[in-house]
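Summary of structural features
Read off the chains here:
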There are 2 protein chains.
Amino acid sequence: MDWFKTIQENVDWLSSIGSDPTGGMTRLLYTDSWLEAQNAVKTKLEEIGMTTRFDEIGNLFGRLEGSTYPDETIMSGSHIDTVVNGGNLDGQFGIIAAYLAMGYLKETYGQPLRSLEVISMAEEEGSRFPTVFWGSKNFMNEAKKEDVIDIADFNGIKFVDAMRQCGFDFKAGEQKRREDIKAFVELHIEQGNVLENEGLQIGVVNSIAGQKRYTVILKGQANHAGTTPMGYRKDAVYAFSRICCEGIEKAKKVGDPLVLTFGKVEPKPNTVNVVPGEVLFTIDCRHTDGNLLHGFTGELEERIQEIADEMGMEVSIDLWMDEAPVPMDESIVKVIEEAAKKENMKYRIMHSGAGHDSQIIAPHYPTAMIFVPSIGGISHNPAEATKLEDLVEGVKTMAAALYELAYK
Amino acid sequence: MDWFKTIQENVDWLSSIGSDPTGGMTRLLYTDSWLEAQNAVKTKLEEIGMTTRFDEIGNLFGRLEGSTYPDETIMSGSHIDTVVNGGNLDGQFGIIAAYLAMGYLKETYGQPLRSLEVISMAEEEGSRFPTVFWGSKNFMNEAKKEDVIDIADFNGIKFVDAMRQCGFDFKAGEQKRREDIKAFVELHIEQGNVLENEGLQIGVVNSIAGQKRYTVILKGQANHAGTTPMGYRKDAVYAFSRICCEGIEKAKKVGDPLVLTFGKVEPKPNTVNVVPGEVLFTIDCRHTDGNLLHGFTGELEERIQEIADEMGMEVSIDLWMDEAPVPMDESIVKVIEEAAKKENMKYRIMHSGAGHDSQIIAPHYPTAMIFVPSIGGISHNPAEATKLEDLVEGVKTMAAALYELAYK
């Protein structure tokens, strides 16, 4: 097989469905382009010789029955939806990699011993409706009807109506989680710049970082910038700057994989000649070790309070996201690592700082991920790209891992 | 004279012209309320026995002729315009204080030896049109027709049309600056909290601070907050925070009267889960000593460049305001200080961190200012206020100073 040609063709083909007139892709849950893409993938899977089915909410499955252990399923896939004006790899390349690898294995080695299955998940990004992981959470029977029953998109179209318009509906009653799935392997672009900076081709993901997000409001006192001596000021931007400097310097000392970001800063009144009386800022902090994450953010919260007290300011600290780290399955990590070695890849074991469907699936099925490099670390952007040779190495590594899992 | 009653009545009366329906005052240059206020003050000055006149652009003058040295004029006043939704003291109380003090002196001591003159200046705030000090600059023959000929207000009304609508026009041809003015004394609210914090009643202003204003843009690199290790980041908000902390700590070490404010901070994309790739921020720095101001901001500019270089960022530093400090006249400062002593005031010699008409006038005529305390340092706000007893002490100090200047 000419991997380069095949992969390029498949990416171009699937990217044409939902391509954004302004560049990149916009393929939101339960839109026409979303449905068209799921149906196109369904046809593609059938061409490979898979039996296909949708679940009630619109997750798509394609299956090659195993010869010896048909009730043991080795699964791969990712999500079909994109962010608004996203790139053409995030999500869908994990689906393409899965079916191309399985198609290649079937062609080369015939029927697998264990069943092979692709999943094209309905939704992960949360870009149309205020809900995320709708696909994987339904797959795990963890989605809640009450979380989406009243939500609507930015045009006021109700989630439920959009879903039914596409021919799907809520799962009926209680359902048992499938017990046949023995491994789940998801390929995804890194969306960071570690692999590129280290000159590597493959990341073997052994953990998805936990994350905490905060909104902090510091209230000092707005004053005239000319007439208020430094000693009489309660400058909220200065207080923020102290917190930011101290926090980031400490985070750098703690070292990888801890990351700390003060992404949003909104002073009031935000005017050149007024001492800022108030500032709202956000904190995003992630680590693969839940205890370390908790310890670091706990100390940061204390320091924010101390700095506010010392400067005579009021502070409110709102923790609004608190997700625990999700470790990947050691044995699947090992299988991927061996596959990368066998294919002579330059690889490393690494964590994912971003969230993925795998974090929903990993608590229930042995799961691990394969990363391919992102050029410049860019993602969620039409400029999102990976060198074609790196996409090829990703699919080859996936094929080698699935061979190990399904053919031995 | 019952100073308390008289002052309260005069403030209430003049504040009723242009009172803002949302609270406070809005009296913008060449609006109906502005013209009404100037005409009302004109009538008031005539009631005191002054001869009045407008100059071509709308500055109002009221004059009590001196008996012995009529060609030596002692002048006091301030500006009649306000900011949008401002308070009822900034500007107009300097006019009220001038005519009340002069009226009291005339009533008590008769005709002055030197002429006494009130000026109610047309404009200082720059709140309707993009021009400031229109009143004092015309008084000094420094206003330039070409600076205003094409400007318009936020409703598109041209400056020239608004001016002519009120019956005023540009000064015709070259005019000589008056040579009879031997002293100018302006009373103003402090707009800061130094007097209040020190429990004082009067500030004798010996200098108006110079100021420099900058807009700085730092360009780092926007990255995913989860997938970009700390070592690979070019975090523009962190760079800003370093500059802010270092700058303010250094400013505090230098000490009063240096003030340094980072009033506006605008990161991009300003989102919780993206490492900020860019930040725009402003710097406002003031000092009464031009060399010290220049030295401090020069070092700050260097440090901004160094921090940007060290962090691999691009930086642009735009100095868009650079006003030199204006010293007040030592002999007039002395006269006001002696007046404050004579009236048993708790006073201090101080500088002004804010700009005033006096800075335009001081280079040409012996000038100094009297400050009265601002409650909470609040100004340019409907909550702008000064205790009535402090207003009384201000007018008494003004009267004592004018007595010294015009009756001896």
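Chain A is annotated in an unreviewed UniProt entry as Peptidase m20 of Trichococcus palustris.

Time to look at the relation of the copies chain B and chain A. Of the transformation superimposing chain B on chain A, the axial component is 0.1 Å and the angular component is 180°, with the fit at an RMSD of 0.1 Å. These values place the two chain copies in the arrangement generated by a two-fold rotation axis. Scanning chain B for the C-alpha nearest the rotation axis identifies S241 of chain B, at a separation of 2.1 Å. Interface overlap between copies: 100% of the residues of chain B at the interface are likewise at the interface in chain A, consistent with a symmetric, same-surface contact.

What follows covers the UniProt feature "binding site: Zn(2+) 2" (unreviewed entry) in chain A. All names here are of chain A. Per the UniProt entry, the sites bearing "binding site: Zn(2+) 2" (unreviewed entry) are D90, E125 and H380 in this numbering. What stands out for the annotated residues spanning 291 residues is how close their C-alpha atoms remain, the widest pair being 10.0 Å apart. Take D90: its relative accessible area is 5%, and that puts it in the buried class. Leaving out residues up to four positions away in the same chain, D90 has contacts with H79, D81, E125, H188, I189, Q191, S379, H380 and E384. By the secondary structure assignment, E125 is in the loop between β4 (114-121) and α4 (134-139). Apart from residues no more than four positions distant in its own chain, E125 is found in contact with H79, D81, T82, V83, D90, V132 and H380.

With that out of the way, let us pick up the UniProt feature "binding site: allantoate" (unreviewed entry) in chain A. Residues given the UniProt feature "binding site: allantoate" (unreviewed entry) here are R213, N273 and R286 of chain A. Spanning 74 residues, the annotated positions stay apart in the fold, the maximum distance between their C-alpha atoms being 36.5 Å. Counting through the fold element by element, R213 of chain A comes out in strand β7 (residues 210-219). On the basis of relative accessible area, R213 of chain A is assigned to the buried category, the value being 11%. Beyond its immediate sequence surroundings of up to four residues, R213 of chain A is in contact with I283, D284, R286, D318, L319, W320 and M321 of chain A together with V272 and N273 of chain B. A distance of 3.2 Å separates a polar atom in the side chain of R213 of chain A from a polar atom in the side chain of D284 of chain A. Those residues in contact with N273 of chain A that lie beyond four places of it in its chain are N223, H224 and A225 of chain A together with R213, D284 and R286 of chain B.

With that settled, consider the side chain of D284 of chain A. Summarising the element assignment, D284 of chain A is placed in strand β12 (residues 278-287). D284 of chain A gets classed as buried once you look at its relative accessible area, which sits at 0%. A distance of 2.9 Å separates a polar atom in the side chain of D284 of chain A from a polar atom in the side chain of R286 of chain A. In this structure D284 of chain A touches Q211, K212, R213, V259, L260 and T261 of chain A together with A225, V272 and N273 of chain B, once residues within four positions along its chain are discounted.

What counts and how
Residues numbered from 1 in each chain as written. Chains lettered and ligands numbered in written order. Predicted model: local features only at pLDDT ≥ 70, side-chain atom pairs only at ≥ 80, totals over all residues. Heavy atoms only, no water. Least-squares fit on C-alpha atoms with pLDDT ≥ 70 in both. Contact = heavy atoms within 4.5 Å. UniProt positions renumbered as here; feature names shortened; annotations may be inferred. Buried < 20%, exposed > 50% of the residue type's maximum accessible area, 1.4 Å probe, protein only. Helix = DSSP H or I, 4+ residues; strand = E, 2+ residues; numbered from the N terminus. Polar contact = N/O pair within 3.5 Å; in protein donor to acceptor, adjacent residues only side chain to side chain.

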